[in-house]
Amino acid sequence: MAVISVRNLSRKFGDITAVDNVSFDVEEGAIFGFLGPNGAGKTTTINILCTLLLPTSGKASISGYDCASQPSDVRKSIGVVFQDSTLDKDLTAYENLLLHAYLYKLKRAVMKERIHDALHFVGLYDRRNDLVRKFSGGMKRRLEVVRGLLHRPRVLFLDEPTLGLDPQTRANLWEFIVKLPRTQNVTIFMTTHYMEEAEVCNRIAIIDNGKIIVAGSPDELKKTLGGDVVYIRTSDNRRARREIERLFNLDVSERDGEIYFTFARGDACIPGIIKTIGETVQSIRVQRPTLNDVFLKITGKEIREDALSSGDAVKEAVRAYRRRFDRG
Amino acid sequence: MIEVNAVYVLVVREFKKLVREKSRLVSALARPVLWLFLVGGGMSRFVTPGMGINYMQFIFPGIIGMTILFSSIFSSISIIWDKEFGLMKEILVAPVSRFSIVVGKALSGTVVSVIQAAVILMFFPFLGIKLNFPAVLNTILIAVLLSFCISSLGIIISTFYESFESFSVIMNFIVMPMFFLSGAMYPVNRLPAILKILSKLNPLTYGIDALKHSILPNSGMADFSIITDLAVLVIASVVFVLAAGLLFERKK
Ligand SMILES: Nc1ncnc2c1ncn2[C@@H]1O[C@H](COP(=O)(O)OP(=O)(O)O)[C@@H](O)[C@H]1O
Ligand SMILES: [Mg+2]
């Protein structure tokens, strides 16, 4: 059954169409990835789903409740980790969770126990009475994730959860996030503009300029590229090209002294190549396609970081500042 | 309609933060103290309000009003920043009615303002003002009412602005005129007609007038009756907090 259902959703800000006729479903227990460059419309979609923003047209529902007309039912079903930290840095970790427990009307009897469990779960129990201001970026993120889960929501939204974290911390956080559907019985809707992070998702929708340009599982998407890319360096590229084209009946290209071609299972073609032109081969490498390649193929461009409006530029500047000086 | 747990936790949070950050309290008190002793002290050589009251004594209720005005408005318009970068989004996605959030924020502003106003009030012996315990208590109660009223008004203001760049606009076109047209520094009944009308539309005028009743009784400095003052403050508070609740709903 679909926990999140979105039909023909659009949202305009003046002339800008931030979300443009978007439709998708998210199944119970899945990790759904919403993938796209800065300004694609990811946050706007999340804001509509979590009842902070009304759509210009179209429908969105969570657990069967309409996000526009039944906001309080939707709010009870979801937990949200926003792009920018919403922890109160002048409160302790424990107090931040307590505040959440009060806002969600948890029963007194379970409140303490759940907060303690949550703090243990993310390894912050010993730091529970420290001000959040003193936490590292990764600790804050983990605290926000368990805070979002404290009231046992059916759906957890994560908007760019790894933004601004170092690679090691990012990897740890992902390890933690992929376990959540099983351990916490929750469906995850996450966004990122790091394509490689979306590999952990069961399903992905790639969004650009407000439109979903392709959707499917990471493997399905990569299959649309026709397979792996095989790069070969030889002492006689002309002959190698001719032989390989004849052998597999495909087109071979050449760039920077290297010949390359796309093949469904790259490693399976190596024995044939060795048999025919083995004596000229200097190196062979097989590159699995990445989601970046998918994006590149469909849009004809790299994931771009430019094109921020002035308001966004201010926000970005504030974010950068916080990352540097108080590890926001 | 009002969720007590949510209102309670918002107020407790504000109180904890205030206690923890004493430096915030000290810097917030710098402005009224400077106005009281520098402006008040300087002007008292030229101005004598009469009835045996000197100028510093005359502006003392106004300075308490100023403390409340700035503290309540700051507390409420911090929502603008908080919506983008702070706790506000966490509160807004919680299953809590928007009206409870508004009441919680208005009461948070009230707590902070009243504490600051109470500290300033304790300067009274240095100004040669005599207050007994009931008078101090009455003053604090008026401060509570005025703080709630201005905090609610601040929330209304915050809903009209999306970006924190609007801060100086709010200061220059709303807060400072409210202060000068409130009878804090000079009696409003001697102002030109148009300014007199504006000052009568200013809720702060009635708050400061009520403070004059409780701090400078029988001095003839108040312009309205205490009943009028309290009635206006109560009605304005109710109207403002309801309007803030309506305006606080989701944007378009
Ligand atoms: N409140 C707003 N007012 C005007 N434009 C907005 C607003 N929020 C987002 N936008 C615009 O909508 C587009 C999508 O933004 P957003 O959803 O934040 O993208 P993403 O999260 O994918 O980076 C951007 O062009 C952005 O400038
Ligand atoms: Mg975003």
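Glancing now at the overall build of chain B. Broken down by element type, chain B carries ten helices and zero strands. Going from the N terminus to the C terminus, chain B shows its helices and strands as α-α-α-α-α-α-α-α-α-α. Overall size of chain B, expressed as C-alpha extent along the three principal axes, is 55 × 40 × 35 Å. Residue burial in chain B is summarised as follows: out of 252 residues, 55% are buried. Contacts in chain B between residues far apart in sequence, at least 24 positions, make up 78% of those at least 6 positions apart. Of the roughly 10900 Å² that chain B leaves accessible, carbon and sulfur atoms contribute 72%.

Residue and element names in this part refer to chain A. Reading across from one edge, β2-β1-β4-β5 is the order of the four strands in this open sheet, with antiparallel pairing throughout. Both outer strands of the open sheet, β2 (16–27) and β5 (65–66), are each paired with one neighbouring strand and no more. Here eight bridges tie strand β1 (residues 2–13) to β2, and the two strands are oriented antiparallel to one another. Residue pairing across strands places V6 opposite F24, the latter belonging to β2. Packing against the sheet, helix α1 (residues 42–49) makes contact with β1, β2 and β4 (57–62), and its axis sits at approximately 120° to β1.

Right, let's get into the pairing of strand β3 (residues 31–35) of chain A. Residues and elements named next belong to chain A. By the criterion of burial, β3 is predominantly enclosed, with five of the five residues buried. The side-chain alternation of β3 yields two buried faces, one formed by I31, G33 and L35 and the other by F32 and F34. As judged from the five bridges shared by β3 and strand β8 (residues 187–192), these two strands associate in the parallel manner. Its bridge partner being in β8, I31 is matched across the sheet by I188.

The next thing to look at is the environment of A28 of chain B. By the secondary structure assignment, A28 of chain B is in helix α2 (residues 22–43). Considered as a pair, A28 of chain B and S113 of chain B are 85 residues apart in the sequence and their alpha carbons are 9.8 Å apart.

This next bit is on the coordination of the magnesium ion (ligand 2). All names here are of chain A. All of the protein donors around the magnesium ion (ligand 2) are T43 (OG1) and Q83 (OE1); their distances to the metal are 1.9 to 2.3 Å. A residue pair is termed long-range when its members are at least 10 positions apart, and T43 in helix α1 and Q83 in the loop between β6 (78–81) and α3 (93–103) qualify at 40 residues. Residue class for T43 comes out partly exposed when judged on its relative accessible area of 26%. Exposure remark for Q83: the relative accessible area of 14% places this residue in the buried category.

What follows is about the environment of L195 of chain B. By the secondary structure assignment, L195 of chain B is in helix α8 (residues 193–200). Linking L195 of chain B and S108 of chain B, residues 87 residues apart in sequence, is a C-alpha distance of 32 Å.

Taken together, the contact pairs 35 residues of chain A with 29 residues of chain B. Together chain A and chain B conceal approximately 3100 Å² of surface at their shared face, both sides included; 61% is due to carbon and sulfur atoms. Among the residues chain A hides against chain B, the three largest losses belong to R75, Y102 and L103 of chain A. Together they make up 21% of the total. For the interface between chain A and chain B, the tally reads seven salt bridges. Note that K16 of chain B and E95 of chain A form a salt bridge whose closest N and O atoms lie 3.1 Å from each other. Where chain A touches chain B, the interface holds ten residue pairs in polar contact (both at pLDDT 80 or more).

All names here are of chain A. The backbone of R152 sits at a positive phi, close to 55°, despite the residue not being glycine. Among the secondary structure elements, R152 is positioned in the loop between α5 (137–149) and β7 (155–159). The class of R152 is exposed, set by a relative accessible area of 55%. The residue N249 is not glycine, and still its phi comes out positive at about 60°. You can call N249 exposed: its relative accessible area is 71%.

Rules and cut-offs
Residues numbered from 1 in each chain as written. Chains lettered and ligands numbered in written order. Predicted model: local features only at pLDDT ≥ 70, side-chain atom pairs only at ≥ 80, totals over all residues. Heavy atoms only, no water. Helix = DSSP H or I, 4+ residues; strand = E, 2+ residues; numbered from the N terminus. Buried < 20%, exposed > 50% of the residue type's maximum accessible area, 1.4 Å probe, protein only. Contact = heavy atoms within 4.5 Å. Areas by Shrake-Rupley, 256 points an atom, 1.4 Å probe, with all protein chains shown as cover. Pairing = 2+ DSSP bridges. Axes fitted to C-alpha atoms, helices over the stretch in contact; angles between N-to-C directions. Donors = N, O, S within 2.8 Å, 3.2 Å for Na, K, Ca; no water. Buried area = accessible area lost by both parts, 1.4 Å probe. Salt bridge = Lys/Arg side-chain N within 4 Å of Asp/Glu carboxyl O. Polar contact = N/O pair within 3.5 Å; in protein donor to acceptor, adjacent residues only side chain to side chain.

Function cannot be inferred from these measures alone, as they are strictly geometric.
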